[in-house]
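# Inside the fold
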Amino acid sequence: MRIELEEETSEEVKEYDEHRERIEDWAAHRKEHMKELPFWERVRWYVSYHWIQAVAVILIVAFVGRLVWSYTFGKTENWLGGIIINSQVEDSALDQVEEAFAKTQKLDTKKQLVTLDAGYYLSNDSDTMNQNDMNYLTKFEANISIGAVDVMIASSETYDYLGGRCTYQDLTELLSGEFLAQFDESQLYYGKDSDGKVVLSGISIQDTDFLKETSMLIEDPYISVPISTSNPEHAAAFIEYLFEQ
């Protein structure tokens, strides 16, 4: 019995070795044959026999390529974000202001974005607020809190109503004394900074070309810079632009 078992085992090993040699010969022959084929013939052969792997590789390469392109070329920066509260103005008019200001700053408008959003309507009376008013107020507070608002245009009444919901940059620290000297006290608005200190926080834009050219309907408008702005220098540049037109 032991002798028969050893003989069977020996025959199996021999068959395995012969089978392995045939596979190695076939692989060597295929390798030599592939070398003789033109490049695109080799690609076609590979895809026909390994199409699942080929599709997977193509998808991975496409995905990685898209990530690289998005990071390298598609990355955008919110260069300036402005909001206008309780006004009536055409979006096309604001688009023109955005484009003109971006041009003065020599921005790449595909990557450095300037946006003026007039879609804010806040009630100045807490007792009569409805759900829509609450939604707008929530939107306002959320964008202020994350630093998405660099400049804000609103009436003095709206600024009074907002009170502690928004604090402001001291414009005497953001703008030059020479620039501020052109305004008298009736054109200035005073609010509170993050420490509760009363500071110069707004300038009237009532007589600016910006207001006239956009045909904006808003009563007693002032422009200010929230304390949470991510781009105080850009905000200052925009304010100066409005009065240099």
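Let me sum up the structure you'll find in this document.

### Remarks on the environment of Phe183
Residue position: Phe183 is located in the loop between helix H8 (177–180) and strand E4 (188–192). Exposure remark for Phe183: the relative accessible area of 11% places this residue in the buried category. Put simply, Phe183 and Ser204 are 21 residues apart on the chain and 8.8 Å apart in space, counted from C-alpha to C-alpha. Setting aside residues up to four positions removed in sequence, Phe183 forms contacts with Leu188, Ile203 and Phe243.

### Here we look at the pairing of E4
As paired elements, E4 and strand E5 (residues 198–204) share five bridges and run antiparallel to each other. Within the sheet, the bridge partner assigned to Lys192 lies in E5 and is Val198. The loop that links E4 with its antiparallel partner E5 comprises five residues; one of these, Gly196, has a positive phi angle of about 85°.

### A short note on the packing of helix H4 (residues 91–104) against helix H10 (residues 232–244)
Look at H4 against H10: their axes get within 11 Å of each other, and the N-to-C directions meet at 110°. On the basis of the axis angle, H4 is roughly perpendicular to H10. Facing Val97, Ala100, Phe101 and Thr104 of H4, the residues of H10 in contact are His234, Ala237, Phe238 and Tyr241.

### Some details on the pairing of strand E1 (residues 77–85)
In terms of residue burial, E1 counts as a mostly covered element, since seven of its nine residues are buried. Both E1 and strand E2 (residues 112–120) contribute to a ladder of seven bridges, which runs parallel. Pairing of Asn78 across the sheet is with Leu113, part of E2. In this fold, E1 hands off to H4, which returns the chain to E2; that crossover is right-handed. Two elements, E1 and strand E3 (residues 151–155), share three bridges in a ladder whose sense is parallel. If you follow Ile83 over to E3, its bridge partner there is Met152.

### Observations regarding unusual backbone geometry
Positive phi outside glycine occurs at Asn86, with the angle close to 55°. Of note, Asn86 is situated in the loop between E1 and H4. If you check the backbone angles, Asp220 has positive phi at about 50° while not being a glycine. Looking at the secondary structure, you find Asp220 in the loop between helix H9 (209–214) and strand E6 (221–224).

### A closer look at a negative patch on the surface
Where like charges cluster on the molecular surface, the negative patch consists of Glu90, Asp91, Asp95 and Glu99. Structurally, the position occupied by Glu90 is in the loop between E1 and H4. Here Glu90 falls in the exposed class, since its relative accessible area comes to 56%.

### Some remarks on H4
Since the α-helix advances by 3.6 residues per turn, residues separated by three or four positions end up pointing in the same direction. Counted at 1.5 Å a residue, the expected span for H4 with its 14 residues is 20 Å, and the 20 Å between its end C-alpha atoms agrees. Residues of H4 that are buried: Ala93, Leu94, Val97, Glu98, Phe101 and Ala102. Those residues of H4 that are buried lie in contact with E1, E2, H9 and H10. Of the residues flanking the end of H4, it is Lys106, one or two places downstream, whose phi is positive at about 55°.

### So, the nonpolar core
Counting 38 residues, the largest nonpolar core has Ile203, Ile223, Phe238 and Ile239 as the members making the most contacts within it. Secondary-structure elements contributing two or more residues to this core are E1, H4, E2, E3, H8, E5, H9 and H10. Once residues within four sequence positions are removed from consideration, Phe238 is found in contact with Leu80, Val97, Phe101, Leu116, Val151 and Ile223. Counting 17 residues, the second-largest nonpolar core is a separate cluster that includes Ile83, Phe140, Met152 and Cys166.

### Things to note about the packing of aromatic side chains
All chains considered together, the criterion is met by 11 aromatic pairs. Note on Trp79 and Phe101: the rings are 6.0 Å apart at their centroids and 55° apart in plane angle, and the pair reads as tilted. On the criterion of sequence distance, the pair formed by Trp79 in strand E1 and Phe101 in helix H4 is long-range, its members being 22 residues apart. In this structure Trp79 comes out as buried when scored by relative accessible area, which is 9%. Residue Phe101 is classed as buried on the basis of its relative accessible area of 0%. Connected via pairs of aromatic rings, a cluster forms that spans Trp79, Phe101, Phe238 and Tyr241. The cationic tip of Lys139 hangs over the ring face of Tyr120; the distance from NZ or CZ to the ring centre is 4.4 Å.

Reading the values: the criteria
- Residues numbered from 1 in each chain as written.
- Predicted model: local features only at pLDDT ≥ 70, side-chain atom pairs only at ≥ 80, totals over all residues.
- Heavy atoms only, no water.
- Helix = DSSP H or I, 4+ residues; strand = E, 2+ residues; numbered from the N terminus.
- Buried < 20%, exposed > 50% of the residue type's maximum accessible area, 1.4 Å probe, protein only.
- Contact = heavy atoms within 4.5 Å.
- Pairing = 2+ DSSP bridges.
- Axes fitted to C-alpha atoms, helices over the stretch in contact; angles between N-to-C directions.
- Parallel < 35°, antiparallel > 145°, perpendicular 65-115°, else oblique.
- Right-handed = clockwise from strand over helix to strand, strands pointing away.
- Patch = residues over 30% accessible without salt bridge, like charges linked within 9 Å, V, L, I, M, F, W, Y side chains within 5 Å.
- Areas by Shrake-Rupley, 256 points an atom, 1.4 Å probe, with all protein chains shown as cover.
- Salt bridge = Lys/Arg side-chain N within 4 Å of Asp/Glu carboxyl O.
- Lys, Arg positive; Asp, Glu negative; His and termini not counted.
- Charge placed at Lys NZ, Arg CZ, Asp CG, Glu CD.
- Expected span 1.5 Å × (residues − 1).
- Core = buried A, V, L, I, M, F, W, Y, C linked by side-chain atoms within 4.5 Å.
- Phe/Tyr/Trp six-rings, centres within 6.5 Å; stacked < 30°, edge-to-face > 60°.
- Lys NZ or Arg CZ within 6 Å of the ring centre and 35° of its normal.

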